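An overview of the molecular structure
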Amino acid sequence: MKGLLDIKSLSIGLASERVRERPFVVRDLNLKISKAESVCLVGESGCGKSVTAISIMGLLPKGLTILNGQIFFEETDLLSLGEKELRRIRGSEISMIFQEPMSSLNPVLTIGQQLKEVFLAHRDGEDTFGKREIEDRCVELLKDVGLPHPKEQLKAYPHMLSGGQRQRVMIAMAMALSPKLIIADEPTTALDVTVQLQILRLLKRLQKAKECSLLFITHDLSLVPHVGDRIYVMYKGRIMEEGPSKDVVLNPFHPYTKALLSAIVDPESPKAQRLAFFKESPRLNLNTLNHTFEKKGCGCGYAERCLSVQSKCWESEPELLDLLDLKGRRVRCWLYAV
Amino acid sequence: MKISEGLRLIRGDWVGFLGLCLFLCFLGVSILGIFLTGGPNPTLDPRKVRLHEKLKPPMAKASSETLAKEHLPFGRFILGTDDLGRDVFARMLQGAYVSMSVGFVSVGISVLIGIIIGGISGYYGDRNIGLINLIAILLLAVGFILISTSQITLGLFLFLVAALFLIFRKTKRLSQIEIGFIDVDSFIMRIVDIMLCFPSFFLILTVVAIVPPSIYNIMIVIGLTSWMGTARFVRAEFLALRELDFVKAAKLLGLSDMKIIFVHMLPNAIGPVLVSATLGVASAILVEAGLSFLGLGVPPPHATWGNILADGKNYLFDAPWLTFIPGFSIMLVVLSFNLFGETLRDVVNPKLNA
Amino acid sequence: MFKFISKNLYHRTITLFFVSIVSFLVIYLAPGKPTQVDPLNPKFTPELVERMRKEFNLDKPIYIQYLVFYKDLFSGKLRSWKDNQSVMKKIKDRFLNSLPLFILGTLITWTISFPIGIYSAIKRGGFVDKTVSFLSYFFISIPGFFFAYILIVFVVKVFEVPVIGMNTFGLEETNAFTRFMDRVWHLVIPSFLGATGGIAILSRYVRSQMLEVLQNEYIRTAWAKGLAPDEVYYRHALRNALLPFITMFGMIIPGLVGGSVIIESIFSWPGLGRLAYEAIMARDYPVVLTLNFISACLVLLGTFLSDILYLFADPRIRL
């Protein structure tokens, strides 16, 4: 499969701190997405996954800055492009869906206006899309995403729709110009559980139909098998484990991945097994209380909470290494480093 | 650790820090002013008229005649003299105290009123006002009016009845009588609306022209006409806080309403009130200066920055320092409060604390 | 829709009624008696005072005075105590003088504040933003009357332009154009003065509103869609940022009466603000009360207009 997105050694940090003490939000990140592939980026709040996503679009807020790295999108380094060129790509070749459907749509403009904008913004000067045609296309899009009354709802305002419907509109806006890559940043987190599955299925269906790639970001591992072909597990700005999603979920290696999976409430798993992970809460783990990092930034980031922590873990950080016999699986952990 | 944090705050926001510094200078000067110019034999006399020395520019040397009778720093009039030969420096010092006290006291009054009214409105919001309370308030109001129009006996009588009502407020049967459509919030907000219908400077002007001129009356009037903003802020905050769990928990524990309002809710709502108060001091100082300028402020011969400016405007081209010195001083002080207030606003604004 | 309007008007009328009572009472709480214009004035013999009391009903109980007063006000028969002219006529004359000052000042303020505020928000922290902020603080803090004098000195010394009053004395014989230009010159400084303070405050408020709106999620969505900056700022952000200003817009109307006392005093502009000041000093209660009442009406009218405009502007509010 040909590579579509290739993030190389991406590091993002705070813009205002002095150089020496700059904490990293994302450190030395590598991520690849191929054509028509869907990849999940998983991690808890604050691990840097959303920041990675918006940096692809070039929309980092003022407080953060890219310290290092390249983001290759079809042979072009996005970080080297100017604003005008980025604008051309946004919405038409790479598009994004955000987490909060409640606030992601402008309350004073109609759905139709916001949908049509996407077409009008990428007209390239010529009238490649006529007014009539745009209108029809919008109706088609709304139909595709499953809105019951597309024609009337074009004239509606966002507050008249439910959360699920608004998210569908966001998906429609993302799909409008048939982009090659869709980034979905926790699109279902703010929705009811019943609606979540519908939205996921919709995304999957559209992705297959349009043969585009999907970068799905979430903190909920239970969603992964529904959406992703491959998965990256992220913690404190670093990739801890990567591999085909089914393999990782069924056979996790990294202690963090294991902890995440155990946190999924599974009514069928034996109670003892589930509770085993919670009995030894990281705060009570006496091993960690006596250790400190020798130098700031040294050692594995997960050492504080890791249940399998060893003294090596405090001293230096492991590399992200391929596992010998398993193809496509990589782990960043001293347990597996030879 | 604390020093470096403080330094960092200052570096990031030197504007607010500048405001704070200026304010402290002003505070110092006004306190100094009381000592230097107060009492029967002050070091620097703001009232002494020296007609032979009138309209001298700043740093002008005093004549030997004057220096024989009194002591002047460096033998000069540091900020010049006005049309009656009075020392401008001394008058400015005296005026500083007026500006400061008017600013703080009037804001104090308006914040107090605002917190009480806004708090009650926000906390008791949807509750029905109850017949008892309504009657008590009406009686108090009418009694107040009667007293002011010199019908004292009748007024006092009504006060008494109102007091009786308030005492018996809690009795079971009486307290349950309610008036259908009036609840506490809309009643109080209606009063606020009425007060807001009067353009504030106009109202202050009217009242100040009527009551006998004195510094205390001015403070009270400004305080009584500017509480509305604070009341609105407090009400808004309380309406939001009321739904939070810690308030419900306090109620369940059986704490009295007063305690909940003042000990638990108020400290959380104080943010916008502080900002409004700081900016309010600036505004009060400007209003006082304006009133003095129009001749309605603190009566002469007591100096205020406004009336130094007012006296000076007749000599605008001949003795510009009489206008510029008080003008710039007022501006600097008001500026310092505004700067500090804006910084305070950024500090307490929860949305910007990302 | 009708229900909303009628309910709104009903509430406002009640408020107006209470305002009329309160303003009436404020005057009467005065320790000074109404006819104390000049107690040393030999013209005010006790008989004259007594006659004035009878004429102006000062000896009847309060509620009678109240009713009579407002009856006269509405029928236009109310007479000033100072010079016995009809109150309504006096107000009308002065109103026409205040009006151009007010309109020009408001126009300048609103047309300049918005571009400045928006630009400052978009280029936050830039040179323009910092300069404008600094100047704004300066203009907010400077006392109006002081700044007026600085302006006067500056304009008179540098431009030699006439400044005081509405027109230059002695020009009545010249042609219409000269007179017109003379009026314009006299109008410039006072309006400019009034506008600077307004611009300082309003542009800062525009800026902060714009900044707040730009923090919102839908702005990020707009950028992610690949929209040009113009579209993001003016189509998406501005529409939302402007909503509170619609409310403010209604509130400028009351400024016609209350806003200009100091400016008119300094420039000897015979307008409503000055009329109010003179009436207060002379204890001319009919005029004071009428102006009070009119200004309250304007406030209520202004807020009413704001409510209606807001209905149309914000699609989230539909009745």
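Note that the structure is predicted; figures quoted are calculated from it, not measured. (Residues numbered from 1 in each chain as written. Chains lettered and ligands numbered in written order. Predicted model: local features only at pLDDT ≥ 70, side-chain atom pairs only at ≥ 80, totals over all residues. Heavy atoms only, no water.)

**Things to note about the overall build of chain A**
For clarity, the cut-off: The way it works is that DSSP assigns letters per residue, a run of H or I at least four long becomes a helix, a run of E at least two long becomes a strand, and they are numbered from the N terminus. Contact definition: two residues touch when any of their heavy atoms are within 4.5 Å. What sets the accessible areas is the Shrake-Rupley method with a 1.4 Å probe; for residues, cover comes only from the shown protein chains.
Across its full length, chain A carries 13 helices and 12 strands. Across chain A, every contact between residues at least 6 apart in sequence was considered, and the portion connecting residues at least 24 apart equals 66%. When the accessible area of chain A is evaluated, it comes to approximately 16900 Å², of which 52% is carbon and sulfur surface.

**Observations regarding unusual backbone geometry**
All names here are of chain A. The condition is simple: Each residue is placed in one exposure class: buried if its accessible area under a 1.4 Å probe, protein chains only, is under 20% of its type's maximum, exposed if it is over 50%, and partly exposed if it falls in between.
For glutamate 75, which is not glycine, the phi torsion reads 75 degrees and is therefore positive. Structurally, glutamate 75 is set in the loop between strand E4 (64–73) and strand E5 (76–77). Judged by relative accessible area, which is 73%, glutamate 75 ranks as exposed. In this structure, lysine 236 is a non-glycine residue whose phi angle is positive, near 50 degrees.

**As for helix H13 (residues 257–293) of chain B**
Residues and elements named next belong to chain B. Definition in use: For a helix, the expected span equals 1.5 Å multiplied by the number of residues minus one. The angle between axes fitted to the seven residues ending at a residue and the seven residues starting there is what we call the bend at that residue.
In this model, H13 (37 residues) spans only 46 Å end to end at C-alpha, well below the 54 Å of a helix rising 1.5 Å per residue. Roughly 60 degrees is the biggest bend found in H13, and it falls at leucine 266, with proline proline 267 one to four residues downstream. Following H13 by one or two positions, glycine 295 has its phi on the positive side, about 90 degrees.

**Details of the environment of leucine 205 of chain B**
Mapped onto the elements, leucine 205 of chain B comes out in helix H9 (residues 200–210). Residues leucine 205 of chain B and lysine 69 of chain B, spaced 136 residues apart in sequence, show a C-alpha to C-alpha distance of 42 Å. Discounting residues that sit within four places of it in the chain, leucine 205 of chain B has contacts with Leu291, Leu294 and Leu296 of chain B together with Val261, Tyr277 and Ile280 of chain C.

**Digging into the confidence of the model for chain A**
Note the threshold: Every residue gets a pLDDT, meaning the predictor's confidence in that residue, from 0 to 100.
Put simply, chain A has an average pLDDT of 81, and 85% of its residues get 70 or more. Counted against residues more than four places away or in other chains, residues 278–296 of chain A, with its pLDDT under 50, gives 17 contacts.

**Looking at the interface of chain A and chain C**
Inclusion rule: The buried area of a pairing is the accessible area, by a 1.4 Å probe, that goes missing from both parts when the two are put together, added over both. Definition used for salt bridges: Asp or Glu carboxyl oxygen within 4 Å of a side-chain nitrogen of Lys or Arg. Throughout this description, a polar contact denotes any pair of N or O atoms lying within 3.5 Å of each other; where both atoms belong to protein, one of them has to be capable of donating a hydrogen while the other can accept it, and for residues adjacent in sequence the pair is counted only when both atoms sit in side chains. Residues are grouped as follows: Ala, Val, Leu, Ile, Met, Phe, Trp, Tyr, Cys and Pro are nonpolar; Asp, Glu, Lys and Arg are charged; every other residue, Gly included, is polar.
Taken together, the contact between chain A and chain C spans 27 residues of the former and 20 residues of the latter. Across the chain A/chain C interface, buried area totals approximately 2200 Å², and carbon plus sulfur atoms make up 58% of it. In terms of surface lost to chain C, no three residues of chain A exceed Arg87, Val108 and Glu117 of chain A, which account for 25% of the buried area on that side. Counting every contact that joins chain A to chain C gives 2 salt bridges. For glutamate 117 of chain A, the salt bridge goes to lysine 225 of chain C, with nearest N and O atoms at 3.0 Å. The interface formed by chain A and chain C contains 11 residue pairs in polar contact (both at pLDDT 80 or more). Those elements that place two or more of their residues in the side of chain A that touches chain C are helix H3 (111–121) and helix H6 (163–175) of chain A. Top element by residues in the side of chain A that touches chain C is H3 of chain A. It accounts for 5 residues. The class makeup of the residues in the side of chain A that touches chain C is 14 nonpolar, 8 polar and 5 charged.

**Here we look at the interface of chain C and chain B**
Contacts between the two partners involve 47 residues from chain C, matched on the other side by 42 residues from chain B. Both faces combined, the contact of chain C with chain B buries some 4000 Å², and carbon together with sulfur accounts for 81% of it. Between chain C and chain B we count 0 salt bridges in total. Counting across the interface, chain C meets chain B through 4 residue pairs in polar contact (both at pLDDT 80 or more). Those elements giving two or more residues to the side of chain C that touches chain B turn out to be helix H1 (2–28), helix H5 (127–141), helix H6 (144–158), helix H7 (176–214), helix H12 (261–266), helix H13 (272–281) and helix H14 (285–313) of chain C.

**Some remarks on the packing of aromatic side chains**
For the record, the criterion: Note on aromatic pairs: the rings of Phe, Tyr and Trp (six-membered ring only in Trp) are paired at centre separations within 6.5 Å, and the planes decide the class, stacked below 30 degrees, edge-to-face beyond 60, tilted for the rest. Only when the NZ atom of a Lys or the CZ atom of an Arg is both within 6 Å of the ring centre and within 35 degrees of the ring normal do we say a charge sits over the ring.
In this structure the tally under the stated criterion is 21 aromatic pairs over all chains. Geometrically, the ring pair formed by tyrosine 205 of chain C and phenylalanine 245 of chain C is edge-to-face, given 5.3 Å between the ring centres and 70 degrees between the ring planes. Remark: phenylalanine 245 of chain C occurs in helix H10 (residues 243–251) and tyrosine 205 of chain C occurs in helix H7; sequence separation between them is 40 residues. For tyrosine 205 of chain C, a relative accessible area of 35% corresponds to the partly exposed category. Judged by relative accessible area, which is 3%, phenylalanine 245 of chain C ranks as buried. In this structure an aromatic cluster arises from ring pairing among Trp110, Phe114, Tyr205 and Phe245 of chain C. The ring of phenylalanine 293 of chain B is capped by lysine 313 of chain B, whose NZ or CZ atom sits 5.2 Å from the centre of that ring. Sitting over the ring of tyrosine 137 of chain C, arginine 204 of chain C keeps its end group 4.8 Å from the ring centre.

**Section: the environment of glycine 226 of chain C**
In this structure, glycine 226 of chain C sits in the loop between helix H8 (217–224) and helix H9 (229–241). Distance from glycine 226 of chain C to asparagine 84 of chain C, taken between C-alpha atoms, is 70 Å for residues 142 residues apart in sequence.

**Examining a negative patch on the surface**
Spelled out, the test is: Patch membership needs two things, relative accessible area over 30% and no salt bridge, and members are linked within 9 Å if like-charged or within 5 Å if nonpolar (Val, Leu, Ile, Met, Phe, Trp, Tyr). For the charge count, each Lys or Arg is scored as positive and each Asp or Glu as negative, with His and the chain ends excluded. Here the site of a charge means NZ on Lys, CZ on Arg, CG on Asp, or CD on Glu.
A surface patch of like charges, here negative, comprises Glu133, Asp136, Glu140 and Asp144 of chain A. With respect to the element layout, glutamate 140 of chain A can be found in helix H4 (residues 131–144).

**Observations concerning the packing of H3 of chain A against H9 of chain C**
Rules: Note on geometry: axes are C-alpha line fits, over the in-contact stretch for helices, and angles between N-to-C directions span 0 to 180 degrees. These descriptions rest on fixed angle ranges, namely under 35 degrees for roughly parallel, over 145 for roughly antiparallel, 65 to 115 for roughly perpendicular, and the rest for oblique.
Taken N-terminus to C-terminus, the directions of H3 of chain A and H9 of chain C make an angle of 170 degrees; their axes are 13 Å apart at the nearest point. Here H3 of chain A lies roughly antiparallel to H9 of chain C, going by the angle between them. Across the interface between the two elements, Gln113, Gln114, Glu117 and Ala121 of chain A from H3 of chain A touch Glu231, Arg235, His236 and Arg239 of chain C from H9 of chain C. Broken down by class, the residue content of the contact of H3 of chain A with H9 of chain C amounts to 1 nonpolar, 3 polar and 4 charged.

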